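Close look at the chain arrangement
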There are 2 protein chains.
Amino acid sequence: MNSTELLSALQWRYATKKFDASKKIGAEDWKILEQSLVLSPSSYGLQPWKFIVVQNPEIRSQLKAASWNQTQVTDASHYVVLATKEKITEQDVSDFIQLNSDVRGVPAEKLKGYHDLILADLVNGPRSAIIETWAQRQAYIAMGFIMETAAMMKIDTCPLEGLDPSAYDAILDLKGTGFKTVAAVALGYRHGEDGYAHAKKVRYPTEKVVQYL
Amino acid sequence: MNSTELLSALQWRYATKKFDASKKIGAEDWKILEQSLVLSPSSYGLQPWKFIVVQNPEIRSQLKAASWNQTQVTDASHYVVLATKEKITEQDVSDFIQLNSDVRGVPAEKLKGYHDLILADLVNGPRSAIIETWAQRQAYIAMGFIMETAAMMKIDTCPLEGLDPSAYDAILDLKGTGFKTVAAVALGYRHGEDGYAHAKKVRYPTEKVVQYL
């Protein structure tokens, strides 16, 4: 993909208001989108998240009612709820270090410095006080990744913050799991009648938002 | 770009530890990266952010000292500080509605419903209590966008959270502007000696992080 195509994919993307409920994302395309979540970067590589892909129509209806009745929740081909950890525990850090050790074939003892650094920051350090916020931010990187990946594939998306996280947690049985809903992304194909598809993108001038020092 | 190329770009990306200070991102490539920030989605499309591209080597040195001396701050070709609004005011909402009106040629009166909706949510509603956190989250979408765009262009990146936001605000003269530093992204080209470039990516198994309901 050359620069012109890249830019045009970014310009093509918009927050889809009305999805064509009859059009579904194919299994192979979905695999790429799923991997764009899995491969998203996160602080320390800790992946403090869970992505819940809701396919059950009954659950989708319940989520719609907890999302100001936005039709994207039920009409989109795929609906992903992003949930993040309420807190990071010593166990989480140990599990992550063990994963590093397994994947890279490095003895866990050799990763003790890394282990202690994360522990001192996220579990016992200043960031532990804002750990829920910290985890939520990471999920927004993943949100960016799946939306941009979709745009590259000419698949439409709509990010959703207008939802009741607590109601979502109840519907999705997240209570007691240590994960909480933070936001969602609907993915699929725009409806021919979505007027917003042709609306001009509203952006402040580049020189207002990008400053060079 | 086909699905295989897309996936391989996502796998190619890693948090670059050591940049080759002699390699610079070309002006045309930079324009695309800059636009990937500008075109990033944000809640309501409100763009509660400012992106500061620091080119001055003296300022870069000062920022490095406020970033645990991470070499990426000074060695990367481009260094972008992401700053977000401390709060959203009625004026911000009016300005944004005026921008909508100008860009789309719709009289501002016709956008009153939209205006009031944002006001009731972000300025006077429940979200006003967490508005700083809300704005910061939006910046992480943009962080995701610029990192993924770079990966598509075979340009390396490293996101930085390990920095002292308050020291950054002082160095960048943000005090009193209503904007505060939230994080940064270094962009450029990996150094031939960055061992992490060939390290296996550490991810939990897909079935652990992606759940289907």
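This section reports on the structure supplied with the text. If you're wondering where the values come from, they're calculated on a predicted model, not measured in any experiment.

**Quick word on the overall build of chain A**
Summing up its helical and strand segments, chain A has 9 helices and 5 strands in all. In chain A, the order of α-helices and β-strands from amino to carboxyl end is α-α-β-α-α-β-α-α-α-β-α-β-α-β. The principal-axis extents of the C-alpha atoms in chain A amount to approximately 60 × 50 × 35 Å. The burial tally for chain A puts 43% of its 213 residues in the buried class. Counting only contacts in chain A whose residues sit at least 6 apart along the sequence, the fraction spanning at least 24 positions is 79%.

**Structural notes on the environment of Ile146(B)**
Residues and elements named next belong to chain B. Locating Ile146 in the fold gives a position in helix H7 (residues 131-152). Judged by local crowding, Ile146 falls into the buried class, with 27 C-beta atoms found within 10 Å. Linking Ile146 and Tyr196, residues 50 residues apart in sequence, is a C-alpha distance of 21 Å.

**Some remarks on the sheet that holds strand S1 (residues 49-53) of chain A**
Pairing in this open sheet of 5 strands is mixed, and the strands run S3(A)-S4(A)-S2(A)-S1(A)-S5(B) from one edge to the other. Strand pairing shows two members of the sheet lacking a second neighbour, strand S3 (156-160) of chain A together with strand S5 (210-212) of chain B, which therefore form its edges. Put simply, the sheet's adjacent strands are angled 25 degrees from each other on average, direction ignored. Two elements, S1(A) and strand S2 (residues 78-85) of chain A, share 5 bridges in a ladder whose sense is antiparallel. If you follow Trp49(A) over to S2(A), its bridge partner there is Thr84(A).

**Considering the nonpolar core**
Residues Leu82(A) and Leu82(B) are the most contacted members of the largest nonpolar core, which totals 116 residues. Leu82(A) has contacts with Trp49(A), Phe51(A), Ala139(A), Ala142(A), Met143(A), Val182(A), Ala183(A) and Ala184(A), leaving out every residue within four places of it along the chain.

**Topic: the interface of chain B and chain A**
Across the contact, 60 residues belong to chain B and 60 residues belong to chain A. Of all the secondary-structure elements, those providing two or more residues to the side of chain B that touches chain A are helix H1 (3-12), helix H2 (27-38), strand S1 (49-53), helix H5 (90-104), H7, helix H9 (206-209) and S5 of chain B. Element by element, the count of residues in the side of chain B that touches chain A is highest for H7(B), at 12 residues. Residue classes in the side of chain B that touches chain A are distributed as 33 nonpolar, 17 polar and 10 charged.

**Points about the sheet that holds strand S4 (residues 179-188) of chain B**
The strand order across the open sheet formed by 5 strands is S5(A)-S1(B)-S2(B)-S4(B)-S3(B), and the pairing between neighbours is mixed. The sheet terminates laterally at strand S5 (210-212) of chain A together with strand S3 (156-160) of chain B, the two strands that pair on one side only. Taking the axes of each pair of neighbouring strands and ignoring which way they run, one obtains an average angle of 25 degrees across the sheet. Sheet topology note: the strand S2 (residues 78-85) of chain B/S4(B) ladder contains 8 bridges and is antiparallel. Following the sheet pairing, Ala83(B) is matched in S4(B) by Thr181(B).

**Digging into unusual backbone geometry**
Of note in the backbone geometry, Gln47(A) takes a positive phi value of approximately 50 degrees without being a glycine. Mapped onto the fold, Gln47(A) is located in the loop between helix H2 (27-38) and S1. Backbone geometry places Asn69(B), a non-glycine residue, at a positive phi of 55 degrees. Asn69(B) gets classed as exposed once you count the C-beta atoms within 10 Å, which come to 9.

**A closer look at the relation of the copies chain B and chain A**
Of the transformation superimposing chain B on chain A, the axial component is 0.0 Å and the angular component is 180 degrees, with the fit at an RMSD of 0.0 Å. Taken together, these values place the two copies in the relation of a two-fold axis. Most of the interface of chain B is mirrored in chain A, where 100% of its interface residues are also at the interface.

**Some thoughts on the environment of Lys50(B)**
Residues and elements named next belong to chain B. Along the chain, Lys50 falls in strand S1. Overall, Lys50 belongs to the buried group, with 23 C-beta atoms counted inside 10 Å. Taking the C-alpha atoms as reference points, Lys50 and Lys64, 14 residues apart in sequence, are found 20 Å from one another.

**Here's the deal with the packing of helix H1 (residues 3-12) of chain A against H2(B)**
The N-to-C vectors of H1(A) and H2(B) enclose an angle of 10 degrees; their axes lie 10 Å apart at closest approach. Relative to H2(B), the element H1(A) lies roughly parallel. Seen from H1(A), the contacting residues are Ser3(A), Leu6(A), Leu7(A) and Leu10(A); seen from H2(B), they are Glu28(B), Asp29(B), Ile32(B), Gln35(B) and Ser36(B).

**A closer look at H2(A)**
Here H2(A) contains 12 residues, and its C-alpha end-to-end distance of 16 Å stays within 8% of the 16 Å for a straight helix at 1.5 Å per residue. Of the residues making up H2(A), those classed as buried are Asp29(A), Ile32(A), Leu33(A), Glu34(A), Gln35(A), Ser36(A), Leu37(A) and Val38(A). The inward-facing, buried residues of H2(A) abut S1, helix H7 (131-152) and strand S4 (179-188) of chain A together with H1, H9 and S5 of chain B.

**A look at H1(B)**
One full turn of an α-helix is made of 3.6 residues, so residues set three or four places apart face in the same direction. Along H1(B), the residues that are buried comprise Leu6(B), Ala9(B) and Leu10(B). For H1(B), the angular spread of buried residues about the axis comes to 100 degrees, placing them on one side. Residues of H1(B) that are exposed and point over 90 degrees away from its buried face: Thr4(B), Glu5(B), Ser8(B) and Gln11(B). Packed against the buried residues of H1(B) are H2 and H7 of chain A together with H7 of chain B.

Reading the values: rules and limits
- Residues numbered from 1 in each chain as written.
- Chains lettered and ligands numbered in written order.
- Predicted model: local features only at pLDDT ≥ 70, side-chain atom pairs only at ≥ 80, totals over all residues.
- Helix = DSSP H or I, 4+ residues; strand = E, 2+ residues; numbered from the N terminus.
- Buried ≥ 20, exposed ≤ 12 C-beta atoms within 10 Å, placed from the backbone.
- Contact = placed C-beta atoms within 7 Å.
- Pairing = 2+ DSSP bridges.
- Axes fitted to C-alpha atoms, helices over the stretch in contact; angles between N-to-C directions.
- Core = buried A, V, L, I, M, F, W, Y, C linked by C-beta atoms within 7 Å.
- Nonpolar A, V, L, I, M, F, W, Y, C, P; charged D, E, K, R; others polar.
- Least-squares fit on C-alpha atoms with pLDDT ≥ 70 in both.
- Parallel < 35°, antiparallel > 145°, perpendicular 65-115°, else oblique.
- Expected span 1.5 Å × (residues − 1).
- Arc of directions from axis to C-beta.

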